[in-house]
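Structural overview for review
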Amino acid sequence: MFVSRRTDTDTLNHKTQMTNTWPPYPPPDETELEKAVRLEEEKVAKRISEEIDRQIESDRQELKSRRLKTKILLLGQAESGKSTLLKNFQIHFAPKAFNTEVEAWRAVIQLNLVRSVNVILAYLSKTSAAAAAASPRFSKPKDDLRWLKMRLAPLRQVEVILNRLLGVHGDDSPGESPVEVEMHWDSDKLSEVAVGSDFGWKTLMRTEKPRPTSRFWDDLDDARRILEACRDDIVAMCEDKTVQHVLDEEGIRILDEPGFFFDQASRICAMDYTPTAEDILRARLRTAGVEEHRLCMESPPSERGREWIFYDVGGARGQRAAWAAYFEDVSAVMFLCPISGFDQVLGEDRTTNRLVDSLKLWKTICSSKLLENATFIVFMNKSDILEKKLKAGIRFAAHIEQYKDQPNDLEHVSMYIRRILLAIYKECSPKKRPIHAHMTCATVGYASSFSLTLTCFAQLFRTRQDTQMMSRVLCSVRDIILMKALETTQLIG
Ligand SMILES: Nc1nc2c(ncn2[C@@H]2O[C@H](COP(=O)(O)OP(=O)(O)OP(=O)(O)O)[C@@H](O)[C@H]2O)c(=O)[nH]1
Ligand SMILES: [Mg+2]
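These figures come from a predicted structure and were not determined experimentally.

In the region of ligand 1, 26 residues are neighbours, and Lys82, Thr84, Leu281, Arg284 and Gly315 sit closest. In this structure, Thr84 approaches ligand 1 through a side-chain N or O atom, which is 2.5 Å from an oxygen atom. At 3.3 Å from a nitrogen atom of ligand 1 is found a side-chain nitrogen or oxygen belonging to Thr443. For ligand 1, the accessible surface in isolation is 660 Å², of which the surrounding protein chains cover 96%. Breaking the shell around ligand 1 down by element, the ones donating at least two residues are helix 3 (82–93), helix 15 (277–282), strand 4 (286–288) and helix 17 (383–391). With three residues, helix 3 is the single largest residue contributor to the shell around ligand 1. Partitioned by chemical class, the residues of the shell around ligand 1 number eight nonpolar, eleven polar and seven charged.

Quick look at the structure:
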């Protein structure tokens, strides 16, 4: 930017150039004092000019590096499976880093279980109808319930300890014990706990140094000893007919509820319990705010060291306003649509159907101008729950009237939802762009599962039994994102 000045020996016959040259030629009759002032001014101007050049270059570099970063947004309503999908990516592409978090997940899973037990106990003792319908195993139902409650009372302490160690807060009442605030039955909130993204709960329990204080480990040990001591009673409660009766009455399909670990209670309460990948995928921890997760690829060797930055957002309505701040320079949007939610309502608005809300949200995201250059990948998630519900005879058309009398099976229902998702995408996208869609069960991980792979705008719809369904979906998504990164690199040179 700074043009070097010609020497003083240049003459007036360069007058025409003089007007275009900077700094200008000195006047021929310049005094010594004027020359000194001029040279000083030129020095200052040169410094400013160089500073501007440096700033422009640094802005250019910053822009380039921002565009080269693979920034991925995980979007979707609450409980759609965003954080679970992220765990799948971590387990698959950065297993060593993920392993360092296992200890923290053990505490979360134990908290999920303890919290479910505490909430159910609190509910049972409040509901006389429930007590009256107590297990035939007990001759005096109310007394036996009281007895069970008494024996399991230490679990409240376990919940308090785990909440404190993990930095968990309940729904809207940080600091209060979730058990205290939930004396009414609300299945959506049964295992709802959230950890603020700034608390660092995962790093707190990492196996490498620096480790937390010994007080921290002593408390954790205490919680685990109590849990183990209560193990038989917890298992008895989980298998108890009263509990099952109440849950049935409430329409709670316990194995489908997020964060319920009743079927694994005995294993999870053991002192030497180590979570499996599937346990971690099933754990429920509500995301509060927007969390940034950096995933450094460990495999395959060709991708080792490449960094992906995921933004995992809280999906409840009250949290959605914060999303837009993260829409700039996004490489890929992964939208989670929980297709099993057709017969459920939102936790935050009991008048809105979950599937309808999800489709509305999809429309808003597809229409966003800020996201027009992002690659879109939609996950029709919770396909396992959808399948179970349809097989159990729950009619899709009873909740989504437009479906009318079409067959009530997984293939037809998922095709229908897929058609709507793609139609919305086509209609609302600010410009024509490809989309990739997968039907998933994010909690299955690597086990065998039913899978459908959909490719938009092509009439491809395959159904197959695939022993490594999630693994294939993840690899395909990785390839899509790598292609996008390559395109961006070529564009910015
Ligand atoms: N059965 C089944 N459960 C799933 C599936 N995907 C996620 N879940 C469970 O659903 C619960 C909610 O999943 P999350 O990943 O925490 O949901 P989220 O979208 O991050 O929710 P917020 O953080 O509240 O926005 C967890 O307990 C998961 O284990 C699925 O495909 N099938
Ligand atoms: Mg989440």
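Glancing now at the pattern of salt bridges. This structure, assessed with the given rule, holds 27 salt bridges. With its nearest N and O atoms 3.2 Å apart, the salt bridge here joins Asp263 to Arg282. In this pair, Asp263 is assigned in the loop between helix 13 (241–249) and helix 14 (265–269) and Arg282 in helix 15, connecting sequence segments 19 residues apart. By sharing partners, the salt bridges in this structure join Arg317, Arg320, Asp349 and Asp357 into a single network.

A word on the pairing of strand 6 (residues 307–313). Burial analysis of strand 6 places six of its seven residues in the buried class, the great majority of the element. The sheet contact formed by strand 5 (residues 290–296) and strand 6 spans seven bridges and is antiparallel. Its bridge partner lying in strand 6, Glu292 is registered against Tyr311.

Conventions adopted
- Residues numbered from 1 in each chain as written.
- Chains lettered and ligands numbered in written order.
- Predicted model: local features only at pLDDT ≥ 70, side-chain atom pairs only at ≥ 80, totals over all residues.
- Heavy atoms only, no water.
- Near = heavy atom within 4 Å.
- Polar contact = N/O pair within 3.5 Å; in protein donor to acceptor, adjacent residues only side chain to side chain.
- Areas by Shrake-Rupley, 256 points an atom, 1.4 Å probe, with all protein chains shown as cover.
- Helix = DSSP H or I, 4+ residues; strand = E, 2+ residues; numbered from the N terminus.
- Nonpolar A, V, L, I, M, F, W, Y, C, P; charged D, E, K, R; others polar.
- Salt bridge = Lys/Arg side-chain N within 4 Å of Asp/Glu carboxyl O.
- Buried < 20%, exposed > 50% of the residue type's maximum accessible area, 1.4 Å probe, protein only.
- Pairing = 2+ DSSP bridges.

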